[in-house]
Amino acid sequence: MKQIKLGTIGSGVIVRAILDNVNVTEGIYLEAVYSRSEEKGRELAKTYGVGKIYTDLEEFLSDKEINFVYVASPNNLHYEQTKKALLHGKNVICEKPLCPQKKQVEELAALAKEKNLFLVDATPTAFLPNLQKIREWLSQIGRVRLVMSSYSQYSSRYDKLLAGEIPNVFSPDFAGGCLQDINYYNLYLNVALFGCPKSAVYYPNICRTGVDTSGIAILQYPDFVSECAAAKDTWGVNTVQIQGEMGYLYIEGGANGLADVRLVTREGEQSCNLQEEPDRWRIEIQNMTRMLLEEAHEAFERQLSTASDVIGIMETMRKDAGILFTGET
Ligand SMILES: NC(=O)c1ccc[n+]([C@@H]2O[C@H](COP(=O)([O-])OP(=O)(O)OC[C@H]3O[C@@H](n4cnc5c(N)ncnc54)[C@H](OP(=O)(O)O)[C@@H]3O)[C@@H](O)[C@H]2O)c1
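Residues numbered from 1 in each chain as written. Predicted model: local features only at pLDDT ≥ 70, side-chain atom pairs only at ≥ 80, totals over all residues. Heavy atoms only, no water.

K.L.:
Is there a simple way to think about the overall build of the protein chain in this case?
P.N.:
When you go through the protein chain residue by residue, the secondary structure sums to 10 helices and 14 strands. The C-alpha radius of gyration of the protein chain comes to 20 Å, within 12% of the 20 Å expected for a compact globule of 329 residues. Its C-alpha atoms put the protein chain at 60 × 45 × 35 Å along the principal axes. In the protein chain, which comprises 329 residues, the proportion classed as buried is 56%. Considering only contacts within the protein chain whose residues lie at least 6 apart along the sequence, 68% involve residues at least 24 apart. Charge centroids of the protein chain, computed over 34 positive and 43 negative side chains, lie 2 Å from each other. (Helix = DSSP H or I, 4+ residues; strand = E, 2+ residues; numbered from the N terminus. Rg over C-alpha atoms; globule rule 2.2 N^0.38 Å. Buried < 20%, exposed > 50% of the residue type's maximum accessible area, 1.4 Å probe, protein only. Contact = heavy atoms within 4.5 Å. Lys, Arg positive; Asp, Glu negative; His and termini not counted. Charge placed at Lys NZ, Arg CZ, Asp CG, Glu CD.)

Here it is in structure tokens:
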């Protein structure tokens, strides 16, 4: 692949965080934007220096200059928009969580493979060098017995919810809720490091819309237990602790970002941060672009498989906890 010519779907904060970094990365360029609103599309296109704006999805997907579509719409739209883009012969980079249901992820993965297209799961964690360091250091803490992850991020949209509105992120119509949005990162780190648990239970705080604003998931692995706490209605210290019989790992900043990693054993203590660049989206875009230009199909398939497992665990836990999205039974 020579270059990535991106078309974007959505005009929220994450699109801008990604495009700020596309603008400073070789090999990836913004070609066009799609928005439901001409005005929002024009503003986004102007900010990032392109002239092509679409308000019709079919026309956007028929643009022959676009070879990658970046999907950053509300969660419930990812499946349909990604499928359409793949059917139009476009490679896709899709925001997390890829879909509300595991069977949808599997269908999209099979479609991408059949068409020899990339389907990239845009969970930043997978692209962070500190993830490799954590994997390497795990062998030094002995048998893992406890994992505790905490990630709370008070949301301005929670204030809107309290004021009587229903923001997409708290709506069952848009596959919203804290598990999908925030606890996803805790679960992703667990699955990336340890694979799937043998069972998982979610204890949510559910709001009037029927989705969760915070909650705790308990993952039971064959040899240890893992607690994943997350909230959009509180704030606190975000950390991950992985405790073993011979030491522990302490990850500052929590599962989303993996900012700094500390290894403590009886022999002493060391810390490491392979991510001098603090912007995790810059690291994500730079590593993703390099991998795409190198056509690293197998690596992307492994990442997709991790995302699919996480989505399967979330789906089981939330349905067991009585959280159903619109149209689900
Ligand atoms: N990787 C990360 O770190 C990260 C961070 C934040 C969010 N995300 C993910 O990014 C995605 C978008 O999140 P967000 O908070 O930006 O969501 P959002 O504000 O609810 O919606 C994103 C965009 O989708 C379009 N949209 C909104 N409502 C729509 C509707 N009813 N029908 C069709 N399009 C609609 C809007 O663009 P137009 O008005 O221009 O059409 C909007 O800007 C989510 O999947 C989220 O999980 C990832």
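Still to come is the rest of the account.
K.L.:
Just to check I follow, could you spell out the site of the ligand for this structure?
P.N.:
For the ligand, the set of nearby residues contains 24 residues, the closest of which are S11, S35, K40, N75 and K96. Here an oxygen atom of the ligand and a side-chain polar atom of R36 are 2.9 Å apart. For the ligand, whose unbound accessible area comes to 900 Å², protein coverage reaches 82%. Judged by the fraction of its atoms near the pocket grid, the ligand is located in the largest pocket. Residues that form the shell around the ligand fall into these classes: 10 nonpolar, 8 polar and 6 charged. Two domains each provide a minimum of three residues to the shell around the ligand, namely domain 1 (4-122) and domain 2 (126-282 + 309-320). (Near = heavy atom within 4 Å. Polar contact = N/O pair within 3.5 Å; in protein donor to acceptor, adjacent residues only side chain to side chain. Areas by Shrake-Rupley, 256 points an atom, 1.4 Å probe, with all protein chains shown as cover. 1 Å grid on protein atoms, 1.4 Å probe; cavity = no way out; pocket = protein on both sides within 12 Å on 5 of 7 lines; lining within 4 Å. Sits in = over half its atoms within 2 Å of the grid points. Nonpolar A, V, L, I, M, F, W, Y, C, P; charged D, E, K, R; others polar. Domains from an automatic or database assignment.)

K.L.:
Honestly, unusual backbone geometry in this entry has me stumped. Any pointers?
P.N.:
Peptide bonds are, in most cases, trans, and in most cases residues other than glycine have a negative phi. Cis geometry is found at the peptide bond from K96 to P97, where omega equals -20°. Mapping P97 onto the fold places it in the loop between β5 (91-94) and α5 (102-114). The phi dihedral of N116 falls on the positive side, at around 55°, and the residue is not glycine. If you trace the backbone, N116 turns up in the loop between α5 and β6 (119-121). Residues other than glycine seldom take positive phi values, yet E295 does so here, at roughly 55°. Within the element layout of this structure, E295 appears in the loop between α9 (280-293) and α10 (297-320).

K.L.:
I keep staring at a nonpolar patch on the surface and nothing clicks. Help me out?
P.N.:
The grouping of Y154, L162 and W235 at the surface amounts to a nonpolar patch, some 390 Å² of accessible area in total. Relative to the helices and strands, W235 resides in the loop between β10 (225-231) and β11 (239-244). Classification of W235 as exposed rests on a relative accessible area of 69%. (Patch = residues over 30% accessible without salt bridge, like charges linked within 9 Å, V, L, I, M, F, W, Y side chains within 5 Å. Salt bridge = Lys/Arg side-chain N within 4 Å of Asp/Glu carboxyl O.)

K.L.:
Looking at this structure, how should I read the sheet that holds strand β1 (residues 4-9)?
P.N.:
Strand pairing in a sheet is mediated by backbone hydrogen bonds. Such pairs are either parallel or antiparallel. Sheet architecture is open: 6 strands sit in the order β3-β2-β1-β4-β5-β6, paired in parallel fashion. Only two strands of the sheet have a single partner each, and these edge strands are β3 (53-54) and β6. Pairing of β1 with strand β2 (residues 28-34), which is carried by 6 bridges, proceeds in the parallel orientation. Bridge assignment links I9 to a residue of β2, and that residue is Y34. Strands β1, β4 (68-71), β5 and β6 of the sheet are contacted by helix α4 (residues 78-87), whose axis makes an angle of about 160° with β5. (Pairing = 2+ DSSP bridges. Axes fitted to C-alpha atoms, helices over the stretch in contact; angles between N-to-C directions.)

K.L.:
Looking at this model, I keep getting lost on the packing of α5 against α10. Mind explaining?
P.N.:
Angle between the axes and distance between the axes are the two parameters that describe a pair of packed helices. At a closest axis distance of 8 Å, the pairing of α5 and α10 adopts a crossing angle of 160°. Classed by the angle they form, the pair α5 and α10 counts as roughly antiparallel. Facing K102, V105, E106, A109 and K113 of α5, the residues of α10 in contact are E301, L304, S308, D309, I311, G312 and E315. Counted by class, the contact of α5 with α10 contains 4 nonpolar, 2 polar and 6 charged residues. (Parallel < 35°, antiparallel > 145°, perpendicular 65-115°, else oblique.)

K.L.:
Sorry if this is basic, but what is going on with the layout of surface pockets here?
P.N.:
One way to see where empty space is left: roll a probe the size of a water molecule over the atoms. What the largest pocket holds in volume is close to 1300 Å³. Surrounding the largest pocket, 44 residues form its lining, G12, V13, I14, A72 and R157 being those nearest its centre. The set of elements that each furnish at least two residues to the lining of the largest pocket consists of α1 (13-22), α4, α7 (156-162), α8 (178-194) and α9. In terms of residues, the lining of the largest pocket owes the most to one element, α8, which gives 4 residues. (Points joined across faces, edges and corners; volume = space filled by probe spheres on them.)

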